[in-house]
Amino acid sequence: MAAPIPILVPQIPALARSMAPGQTLEPTPYCQEPEDRTPAQTEGPYFKPNSPQRDTLTGAGTRLVVSGYVFNLACQPIANALLDFWQADNNGNYDNVGYTFRGHQFTNAQGQYRLTTIVPGLYPGRTRHIHVKVQAPGRPVLTTQLYFPGEPRNNTDTIYDPRLLMTISSSGGQRQGAFDFVLNIAGGPTGGPTGTAQPTTWRPNVLYQVGQTVVYQNVTYRCALTHTSRVGWEPPRVPTLWTRVG
Ligand SMILES: [Fe+2]
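The name given to the protein chain in an unreviewed UniProt entry is Dioxygenase, and the organism recorded there is Spongiactinospora rosea. As stated in UniProt under Sequence similarities (unreviewed entry), the record for the protein chain gives "Belongs to the intradiol ring-cleavage dioxygenase family."

Laid out in structure tokens, this is it:
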């Protein structure tokens, strides 16, 4: 019997994934059904706010690159979506003093993210997992976890959810993980990436949400912290609130 044909939705970029020989391409999610939304999971005790913006988390361990898309319910990729990852190190310990194996990034204009990290170690009571918070610009935060297939503890961990399994392949001593998030956000009528509207000119007394972009004196900035703007907080003056992007 022939292998199933991957389901491709119009206006969605082909999922560029490195696949091991013999593996079939993970179908693009349908997105439209409520059960296709990425389920939420407990945050756990080790989240720390204000992680550094970076897509590479360095330390000893087996190299792991996790990549994918953030979609809305119409399977449209979401640009500038925030992804804040945190995980245990190779020995199963969280850095609760500093920010080792913690970092946030934003999806690109195609709605893609890419995290370079290591395979997290195991710690008592849990199977292997990576924590993440995902947020489209100005929308609610999804807190969840990603899991690894073939882990013996997946069978005994009461938090584990198979809907959150990554597709994992190995090549050259490193692992490639793939996972697409589907957020509970209705799709736009026109298709194409959402959240890519032309940035507006910065103004005081506006509630800016994390991930939103503005232009100030011909320079584009991305909001790093949700806040109401005011005179004196112009983007170049408050790098805590605004990250220069262009
Ligand atoms: Fe954890």
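Engineer: So what exactly am I meant to see when it comes to the overall build of the protein chain here?
Structural biologist: Within the protein chain, the secondary structure is distributed over 0 helices and 15 strands. Considering the protein chain as a whole, with its 246 residues, one finds that 32% of them fall into the buried category. In the protein chain, the proportion of contacts linking residues at least 24 apart, taken out of those at least 6 apart, comes to 65%.

Engineer: Please clarify how unusual backbone geometry should be interpreted in this entry.
Structural biologist: Positive phi, normally seen in glycine, also occurs at Asn205, with a value near 65 degrees. On the neighbour-count criterion, Asn205 (8 C-beta atoms within 10 Å) is exposed. Phi at Asn218 takes a positive value of approximately 65 degrees, unusual for a residue other than glycine. Residue position: Asn218 is located in the loop between β12 (213–216) and β13 (219–223). Asn218 sits in the exposed class, given 7 other C-beta atoms within 10 Å.

Engineer: Sorry, what's going on with the environment of Gly98 here?
Structural biologist: Within the fold, Gly98 resides in the loop between β2 (82–86) and β3 (102–106). Residue Gly98 is classed as exposed on the basis of its C-beta count, with 9 C-beta atoms lying within 10 Å. For the pair Gly98 and Lys48, spaced 50 residues apart in sequence, the C-alpha separation works out to 9.3 Å.

Engineer: Would you mind showing me how to read the sheet that holds β2 here?
Structural biologist: What links the strands of a sheet is backbone hydrogen bonding, and the strands pair in either a parallel or an antiparallel sense. What the 4 strands build is an open sheet, ordered β3-β2-β5-β6; its pairing is antiparallel. In this open sheet, the two edge strands, each paired with only one partner strand, are β3 and β6 (142–147). When strand polarity is set aside, the average angle formed by the axes of neighbouring strands in this sheet is 25 degrees. Note that β2 and β3 share 5 bridges and pair antiparallel. Within the sheet, the bridge partner assigned to Leu83 lies in β3 and is Gln105.

Engineer: Any chance you could explain the confidence of the model for the protein chain here in plain terms?
Structural biologist: Predicted coordinates in areas of low pLDDT are best not read in detail. Looking at the protein chain as a whole, the pLDDT averages 85, with 82% of positions reaching at least 70. This model gives residues 1–24 a pLDDT under 50, and the stretch forms 28 contacts once residues within four places in sequence are excluded.

Engineer: Can you walk me through the environment of Pro235 in this structure?
Structural biologist: Along the polypeptide, Pro235 turns up in the loop between β14 (227–228) and β15 (242–244). Since 23 C-beta atoms lie within 10 Å of it, Pro235 is described here as buried. Put simply, Pro235 and Val215 are 20 residues apart on the chain and 8.9 Å apart in space, counted from C-alpha to C-alpha.

Engineer: Would you take a moment to explain the sheet that holds β13 for this structure?
Structural biologist: Strand order in the open sheet formed by 4 strands is β10-β12-β13-β15, with mixed pairing between adjacent strands. The sheet is open, and its two borders are formed by β10 (200–201) and β15, each paired with just one other strand. Bridge count between β12 and β13: 4 bridges; the pairing is antiparallel. Residue pairing across strands places Tyr216 opposite Val219, the latter belonging to β13.

Engineer: What am I meant to see in the nonpolar core here?
Structural biologist: As a rule of thumb, nonpolar side chains are buried together in soluble globular proteins. Counting residues in each nonpolar core, the largest one holds 40 residues, and the members touching the most others are Val70, Ala81, Val134 and Leu183. Counting only elements with at least two residues in this core, the list comes to β1 (63–71), β2, β4 (112–118), β5 (129–135), β6, β9 (181–182) and β13. It is β1 that contributes the most residues to this core, 5 residues altogether. For this core, the domains that each give at least three residues are domain 1 (34–182) and domain 2 (200–244).

Calculation notes
Per chain, residue numbering runs from 1 following the sequence as it is written. Only residues with pLDDT of at least 70 get local features here, since the model is predicted, and only at 80 or more are side-chain atom pairs given and counted; chain-wide, interface and lining totals rely on the full set of residues. UniProt positions are given in the numbering used here, feature names are shortened, and annotations may be inferred rather than shown by experiment. Secondary structure elements are defined from DSSP: runs of H or I of at least 4 residues count as helices, runs of E of at least 2 residues count as strands, and each element is numbered from the N terminus. Partly exposed residues are those whose C-beta has more than 12 but fewer than 20 other C-beta atoms within 10 Å; with 20 or more the residue is buried, with 12 or fewer it is exposed, and the C-beta atoms are placed from the backbone. Placing a C-beta atom from the backbone of each residue, one calls two residues in contact when those atoms lie within 7 Å. A strand pair is defined by DSSP finding two or more bridges across the two strands. A fitted line through C-alpha atoms serves as each axis, taken over the contacting stretch for helices, and the angle formed by two N-to-C directions is quoted from 0 to 180°. Residue-level confidence of the predictor, termed pLDDT, takes values from 0 up to 100. Here, a nonpolar core means buried Ala, Val, Leu, Ile, Met, Phe, Trp, Tyr and Cys residues linked by C-beta atoms lying within 7 Å of one another. Annotation comment: domain bounds sourced from an automatic or database domain assignment.

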